Amino acid sequence: MRDDDNKSGEPQSLLGQIKDRLIASKEKTAEQGRHITGTPDRERADRLPPGQHLVEKWPVLDLGIQPDIPRESWKLTIDGAVENPLEWDWQTFAAQPQTSYVSDIHCVTTWSRYDNRWDGVSARHLLDLVKPLPEARHLIFHSYDGYTTNVKLEVFQDSDVLLAHSWEGAPLTPEHGAPVRVIIPKWYFWKSAKWIKRIEFSAVDKPGFWEVRGYNNEGDPWNEDRYSM
Ligand SMILES: Nc1nc2c(c(=O)[nH]1)N[C@H]1C(S)=C(S)[C@@H](COP(=O)(O)O)O[C@H]1N2
Ligand SMILES: [Mo]
């Protein structure tokens, strides 16, 4: 209730004031969290999603190929439905503003690992630079090993999504995706492409390597979006 709706002639009622304050605070939350797809795991009382078990060591999963890409020969292309397509080499990537984030890993094969510290360039910074066109709804990650995976733009837009070059303060090792991999903490880990080579923005969805082989098109561990049937 706004002041000008207040027909009683009295100062605005306490209920009215509370409502206004509530609306203002909801609007602020909505603005700040417009792109947030869920609660960060570390803010949950029970951090372990259903069907997962905790591991201490970080397992390696790949398609049997671990491409060895020295930083000096690595290139990342960002193209498709964007105003400003770009190509980064290592130097240009490393010169972007750096972000750190601590997040949990949840692999669809049921292991989870808590408190992984990532350093890299935030998805939001990248989005500011490339400016997705209005029709852009989906992203397809293409990797140096031929792997692909897809997410909706709103998933990539989350504040915790990074193009990571380091884990626990040290450069990613080749088997974990060096020089740069995607980290999408709120989705199962198959959405976090290692050895990233190209990020394609698209109006249409293009299911990736596992998505066309029975994995879910989404990947929310709290919803157990594991397989598509
Ligand atoms: N390029 C590429 N990225 C990939 C994969 C892959 O085979 N190739 N596997 C995915 C899967 S299924 C998982 S669980 C994680 C594993 O990452 P890790 O080996 O660093 O634990 O990477 C994901 N990203
Ligand atoms: Mo996985």
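Conventions we followed
- Residues numbered from 1 in each chain as written.
- Chains lettered and ligands numbered in written order.
- Predicted model: local features only at pLDDT ≥ 70, side-chain atom pairs only at ≥ 80, totals over all residues.
- Heavy atoms only, no water.
- Near = heavy atom within 4 Å.
- Polar contact = N/O pair within 3.5 Å; in protein donor to acceptor, adjacent residues only side chain to side chain.
- Nonpolar A, V, L, I, M, F, W, Y, C, P; charged D, E, K, R; others polar.
- Pairing = 2+ DSSP bridges.
- Helix = DSSP H or I, 4+ residues; strand = E, 2+ residues; numbered from the N terminus.
- Axes fitted to C-alpha atoms, helices over the stretch in contact; angles between N-to-C directions.
- Core = buried A, V, L, I, M, F, W, Y, C linked by side-chain atoms within 4.5 Å.
- Buried < 20%, exposed > 50% of the residue type's maximum accessible area, 1.4 Å probe, protein only.
- Contact = heavy atoms within 4.5 Å.
- Phe/Tyr/Trp six-rings, centres within 6.5 Å; stacked < 30°, edge-to-face > 60°.
- Salt bridge = Lys/Arg side-chain N within 4 Å of Asp/Glu carboxyl O.

A. A look at the site of ligand 1. Near ligand 1, the surroundings consist of 20 residues, among which Pro59, Asp145, His176, Arg181 and Lys194 are the closest. Note that an oxygen atom of ligand 1 is positioned 2.7 Å from one of the side-chain N or O atoms of Arg181. Taken together, the residues that form the shell around ligand 1 break down as 13 nonpolar, three polar and four charged.

B. Region of interest: the sheet that holds strand β2 (residues 75-80). Taken in spatial order, the five strands of this open sheet run β3-β2-β11-β6-β7, and their pairing is mixed. Each edge of the open sheet carries a strand with a single partner, namely β3 (86-89) and β7 (148-152). On average, each strand axis in the sheet is tilted by 15 degrees relative to the strand beside it, whichever way the strands run. Summarising the sheet, strand β6 (residues 138-143) and strand β11 (residues 196-202) pair through six bridges and their orientation is antiparallel.

C. Main features of the nonpolar core. One finds Leu126, Phe141, Phe156, Leu163, Ile196, Ile199 and Phe201 to be the most contacted residues of the largest nonpolar core, which totals 33 residues. Secondary structure elements with two or more residues in this core: β2, β3, α2 (90-94), α3 (123-130), β6, α4 (153-156) and β11. The element contributing the most residues to this core is α3, with four residues. Ignoring anything within four residues of it in the chain, the contact list for Phe141 reads Tyr147, Thr148, Thr149, Val151, Phe156, Val182, Ile184, Lys191, Ala193, Ile196, Arg198 and Ile199.

D. Representation of the side chain of His165 in the model. Its location among the elements puts His165 in strand β8 (residues 162-167). Side chain to side chain, His165 and Ser166 meet in a polar contact 2.8 Å long. Discounting residues that sit within four places of it in the chain, His165 has contacts with Arg71, Trp90, Phe93, Gln98, Asp119, Gly120, Ala170, Pro171, Leu172, Pro179 and Val180.

E. Spatial organisation of the environment of Ser73. Relative to the helices and strands, Ser73 is located in the loop between β1 (53-54) and β2. Residue Ser73 is classed as partly exposed on the basis of its relative accessible area, which comes to 44%. In this structure the C-alpha to C-alpha distance between Ser73 and Trp90, which are 17 residues apart in sequence, comes to 7.9 Å.

F. Geometry of the packing of aromatic side chains. All chains considered together, the criterion is met by 14 aromatic pairs. Relative to Tyr227, the ring of Tyr215 has its centre 5.4 Å away and its plane inclined at 85 degrees; by these criteria the two rings are edge-to-face. Taken together, the positions of Tyr215 in the segment after β11 and Tyr227 in the segment after β11 put the pair 12 residues apart, joining distant regions of the chain. Owing to a relative accessible area of 14%, Tyr215 belongs among the buried residues under this scheme.

G. View of unusual backbone geometry. A cis amide bond, omega 0 degrees, links Ala178 with the succeeding residue Pro179. Position of Pro179 relative to the elements: it lies in the loop between β9 (170-171) and β10 (181-183). Positive phi values are uncommon outside glycine, yet Thr110 reaches one of about 90 degrees. For Thr110, the position within the fold is in the loop between β4 (99-106) and β5 (111-122). Although it is not a glycine, Lys131 adopts a positive phi angle of roughly 50 degrees. Checked against the element boundaries, Lys131 lands in the loop between α3 and β6.

H. Structural context of the pairing of β2. Of the pairings in the sheet, the one linking β2 to β3 comprises four bridges and is antiparallel in character. By the bridge assignment for β3, Thr77 is matched with Glu87. Between the end of β2 and the start of β3, which pair antiparallel, lie five residues. With four bridges joining them, β2 and β11 adopt parallel strand pairing.

I. Structural context of the pattern of salt bridges. Under the definition given, this model contains 13 salt bridges. The shortest N-O distance in the salt bridge between Arg47 and Asp104 comes to 2.8 Å. With Arg47 in the loop between α1 (14-32) and β1 and Asp104 in strand β4, the pair connects residues that are 57 residues apart, well separated along the chain. Side by side, Arg47 and Asp104 carry an identical accessibility label, which is buried. A salt bridge links Lys191 to Glu211, with the shortest nitrogen-to-oxygen separation between them at 2.8 Å.

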